Amino acid sequence: MEISVIIFLTSGLFLGWALGANDAANVFGTAVGTRMIRFSTAAVVCSVFVILGAVYSGAGAAATLGKLGAIDALAGAFMVAFSAALAVHMMTLAGLPVSTTQAIVGAIIGWNLFSGTATDADSLTKILTTWVVCPILAAVIAIGLFKLTTAVLSRAKLHLLRTDAYTRLGLLLAGAFGSYSLGANNIGNVMGVFVPTSPFTDFDIAGLFRFSSTEQLFLLGAIAIGIGVMTYSKRVMLTVGGGLMPLSPVAAWVVVMSHSIVLFLFASQGLENFLASYGLPTIPLVPVSSSQAVVGAVLGIAILKGGRGVKWRVLGGIGAGWVVAPAIAGIVCFIGLYFLQNVFDQKVYAGGPGGGTTAVVEYTLPAK
Amino acid sequence: MIELTKKISLFGRTRELEGEIDDFLDKLSQCSLLFKIAIKVYLNEGCTDDFENKLQDVNKMESDADHLRRAIETKLYAQTLIPESRGDVLGLIENLDQLLNLFEGSLWAFSIEKPEIPSEYHNDFEALTDMAVQSVESLVLASRAFFRNIDAVGDHNHKVMFFEKEADKVSTKLKKSIFGSDLDLSQKTHLRNFVEHIDNVPDWAEDVADRLAIYAIKRTV
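Residue positions are given per chain, counting from 1 as you read along its sequence in written order. Chain A is the first chain written and ligand 1 is the first ligand written, with later ones labelled in order. Predicted model: local features are reported for residues with pLDDT of at least 70 only, side-chain atom pairs are reported and counted for 80 or more only, and whole-chain, interface and lining totals are derived from all residues. Note that the side-chain values use all heavy atoms of the structure and ignore hydrogens as well as water.

1. Thoughts on the overall build of chain B
What counts, and what does not: In this description a helix means any DSSP run of H or I spanning at least four residues, a strand means any run of E spanning at least two, and both kinds are numbered starting from the N terminus. Categorising residues by exposure relies on relative accessible area from a 1.4 Å probe, with only protein chains included: less than 20% of the type maximum marks a residue as buried, more than 50% marks it as exposed, and the intermediate range marks it as partly exposed. Contacts are residue-level and defined by heavy atoms, with any inter-residue pair within 4.5 Å sufficient. Only the protein chains shown count as cover for residues, with accessible areas throughout obtained via the Shrake-Rupley method and a probe of 1.4 Å.
The helix and strand inventory of chain B stands at six helices and zero strands. For chain B, the succession of helices and strands along the chain, N to C, is α-α-α-α-α-α. Scored against the burial criterion, the 221 residues of chain B give a buried share of 50%. A sequence separation of at least 24 residues applies to 82% of the contacts in chain B between residues at least 6 apart. Carbon and sulfur atoms provide 52% of the accessible area of chain B, an area that totals close to 10200 Å².

2. So, the overall build of chain A
Looking only at helices and strands, chain A features twelve helices and two strands. In sequence order, chain A lays out its α and β elements as α-α-α-α-α-α-α-β-β-α-α-α-α-α. Relative to all contacts within chain A whose residues are 6 or more apart in sequence, the contacts with residues 24 or more apart total 82%.

3. Some remarks on the interface of chain B and chain A
Quick reminder of the rule: Two parts placed together each lose some accessible area under a 1.4 Å probe, and the buried area is that loss summed for both. The term salt bridge refers to a pairing of a side-chain nitrogen on Lys or Arg with a carboxyl oxygen on Asp or Glu at a separation within 4 Å. Any pair of N or O atoms that falls within 3.5 Å is considered a polar contact. Within protein, one atom must be able to donate a hydrogen and the other to accept it, and sequence-neighbouring residues count only if both atoms are side-chain atoms.
Between chain B and chain A, the contact holds 26 residues from the first and 22 residues from the second. Where chain B abuts chain A, roughly 2100 Å² becomes buried across the two surfaces, and 64% of that area is made up of carbon and sulfur atoms. When the buried surface of chain B facing chain A is broken down by residue, Phe11, Glu18 and Glu84 of chain B rank first, second and third, together holding 23% of it. On inspection of chain B and its partner chain A, the count reaches one salt bridge. A salt bridge links glutamate 18 of chain B to arginine 162 of chain A; the shortest N-O distance between them is 2.9 Å. Summed over the shared surface of chain B and chain A, the result is four residue pairs in polar contact (both at pLDDT 80 or more). Contributions of two or more residues to the side of chain B that touches chain A are made by α1 (2-45) and α4 (122-148) of chain B.

4. Looking at the packing of α4 of chain B against helix α6 (residues 185-220) of chain B
All names here are of chain B. Condition: What counts as an axis is a line fitted to C-alpha atoms, over the stretch in contact for a helix, and the angles between N-to-C directions run from 0 to 180 degrees. These descriptions rest on fixed angle ranges, namely under 35 degrees for roughly parallel, over 145 for roughly antiparallel, 65 to 115 for roughly perpendicular, and the rest for oblique. Whether a crossing is left-handed or right-handed is set by the direction in which the near helix is turned from the far one by less than a right angle, anticlockwise for left-handed and clockwise for right-handed. Gly is placed with the polar residues, together with every amino acid not listed as nonpolar (Ala, Val, Leu, Ile, Met, Phe, Trp, Tyr, Cys and Pro) or charged (Asp, Glu, Lys and Arg).
Interaxial distance between α4 and α6 falls to 10 Å at its minimum, and their mutual angle equals 20°. Relative to α6, the element α4 lies roughly parallel. Relative to α6, α4 is oriented so that their crossing is left-handed. Residue composition of the contact of α4 with α6, by class: 20 nonpolar, three polar and two charged.

5. Observations regarding the packing of aromatic side chains
Worth spelling out the cut-off: Centres within 6.5 Å are what make two rings of Phe, Tyr or Trp a pair, Trp counting through its six-membered ring; a difference in plane orientation under 30 degrees is then read as stacked, over 60 as edge-to-face, and the rest as tilted.
This model, assessed by the stated rule, comprises twelve aromatic pairs over all chains. Between phenylalanine 114 of chain A and phenylalanine 334 of chain A, the ring centres sit 5.3 Å apart and the planes meet at 80°, which makes this aromatic pair edge-to-face. With a gap of 220 residues between them, phenylalanine 114 of chain A in helix α5 (residues 100-115) and phenylalanine 334 of chain A in helix α12 (residues 312-342) connect regions that are remote in the sequence. Consider the rings of phenylalanine 110 of chain B and phenylalanine 194 of chain B, whose centres lie 4.7 Å apart with planes at 65°: the pair is edge-to-face. Highlighted residues: phenylalanine 110 of chain B in helix α3 (residues 86-113) and phenylalanine 194 of chain B in helix α6, separated in sequence by 84 residues. Here phenylalanine 110 of chain B falls in the buried class, since its relative accessible area comes to 1%. Every member of this aromatic cluster is reached through a ring pair, and the members are Tyr42, Phe51, Phe110 and Phe194 of chain B.

6. Topic: the nonpolar core
Put simply, the test is: Only buried residues count toward a nonpolar core, which is a set of Ala, Val, Leu, Ile, Met, Phe, Trp, Tyr and Cys residues joined through side-chain atoms within 4.5 Å.
Grouped together as the largest cluster of nonpolar side chains are 89 residues, with contacts concentrated most on Phe28, Val80, Ile104, Ile108, Val193 and Phe194 of chain A. Listed in part, the 70 residues of the second largest apolar core include Val58, Leu81, Phe125 and Leu128 of chain B.

7. Points about the pattern of salt bridges
All names here are of chain B. Under the counting rule described, the total for this entry stands at 17 salt bridges over all chains. Salt-bridge contacts for lysine 36 lead to aspartate 130; the nearest nitrogen and oxygen are separated by 2.9 Å. Of this pair, lysine 36 sits in helix α1 while aspartate 130 sits in helix α4; the two residues are 94 residues apart in sequence, bridging distant segments of the chain. Classification of lysine 36 as partly exposed rests on a relative accessible area of 36%. Taking the shortest distance from any N to any O, the salt bridge between aspartate 124 and lysine 173 comes out at 3.3 Å. On the criterion of sequence distance, the pair formed by aspartate 124 in helix α4 and lysine 173 in helix α5 (residues 153-179) is long-range, its members being 49 residues apart.

8. Side note on the confidence of the model for chain B
What counts here: On a scale of 0 to 100, pLDDT captures the predictor's confidence in every residue.
On average, residues of chain B score 91 in pLDDT, and 95% of them reach the 70 mark or higher. For this predicted complex, the interface score ipTM comes out at 0.76, while the overall pTM is 0.78.

9. Thoughts on the side chain of aspartate 124 of chain B
In this structure aspartate 124 of chain B comes out as buried when scored by relative accessible area, which is 14%. The contact partners of aspartate 124 of chain B, leaving out residues within four places of it in the chain, are Val170, Lys173 and Leu174 of chain B.

10. Remarks on unusual backbone geometry
Negative phi values dominate among residues other than glycine, just as trans dominates among peptide bonds. Positive phi outside glycine occurs at lysine 157 of chain A, with the angle close to 45°. Mapped onto the elements, lysine 157 of chain A comes out in the loop between α6 (121-156) and α7 (160-191). Of note, the phi angle at lysine 114 of chain B is positive, near 40°, even though the residue is not glycine. Tracing the sequence through the fold places lysine 114 of chain B in the loop between α3 and α4. By relative accessible area, which is 45% here, lysine 114 of chain B ends up partly exposed.

Below is the structure:
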């Protein structure tokens, strides 16, 4: 493999690292922040399940991003991922609940504009609708789940200590599920843009199953996410603990579950096939923001408690995130591509000027 | 898998701790019943062997409860259990333990100072003791509810307040009649001390019930 390929992939790995550092906190933040689960336990469980989710069911949501704009040159993919990472970093500094999802979409559109590729309107509408639906759906699920849980708990009359023990186990299982869903739903953000230009080739393992180039790419991205979790997420987790609204451990469990269910719904090809086979409307497979799913779920619980403690500023932040993050990423990407093409003489889209690598490999869905 | 076995063993430790908290509350309840019997024995027979035996029983129970309290507190913090409410549980257990100290201290005072209580005050002393013990019994039920059935805390708490008020009425009446009598001032003040020894119990129980009500609100929010 050429050195330049590795250099170009680093921006994706950087984005993966940032995702792991920030979004793992959505899954395990409340549990670790309230000391219900040790950080080391959370980090190991999170990394393992992120990798499983990404490799096993990451393809669905990634394909939608691929349709939005098939980045066909590695240098272009590098700039798309890099500008997304930069936008996420800037929004995080501004304290807004932003995610890689919004940034990467903006960056892809920036690439489309630069390369003169038409943006797929269908995919774009699908993605934008999902962003609005995601926090609302998380809120609705959180309300239902919270009512159900409190009803069950008050009927079960468990001892305070027993409730505590079950809640710990519940948080760990919900965290594992959340990490799996995060990997499945968000790996597309990290590695999706590299799929059409994947430098890897498919190979068979002992003739039993096929390890596609996409899966290899996703594995690499997921490992970067895992490293982000291990190295940097602890501080974010401890901040998220009581950040939005003070939550009881049971409410924290409801939030993690709602977040995980939402991410799972928008990533599961199995569910899509199941719904389609019964002629039911399917849920689009789109990368959604895990931060906004968490904020939605917390707001759901706040609404249930009479709207007290709702931080309207945070709510405004979500709306701003829908517009500002893609805009920043798009602009940075456009300018960056200009420099990459004209100053560094790199080919940032197939058929464009410049030299460098254009290792185009056909897009492959993971073998089922 | 390792994590899972840890969790299963955690349930085992949880059960053990639940048992210890129940034992502690049992000891408090039994102590209050022993106190009632001991006062009755003292009023009827004076400082007899029977009374001293009851005092020793209370003594032993108080020290057993101390051991349990330390074990519970250590486990709560060493195993980082119930991070949200362990401070409240710690406060509750320590305040309940103070009731055991009050029972023990009061009986020791009877044993050492051997107050002479004229028979016309016996009924009121018994009534006062009865109110004190009932307030503690209700507090024990409220505490059990705090652990198992948070909604029922209020159902027991209001009784603690009720018995405290009644005990106040009896103790005021008793003090008035003591100081209105022809007894020596020294005996009057001596008797007043013993009225207060007993009356301190429902007063403290009420303070604990007030805190318990707040702990319960914190848990339901």
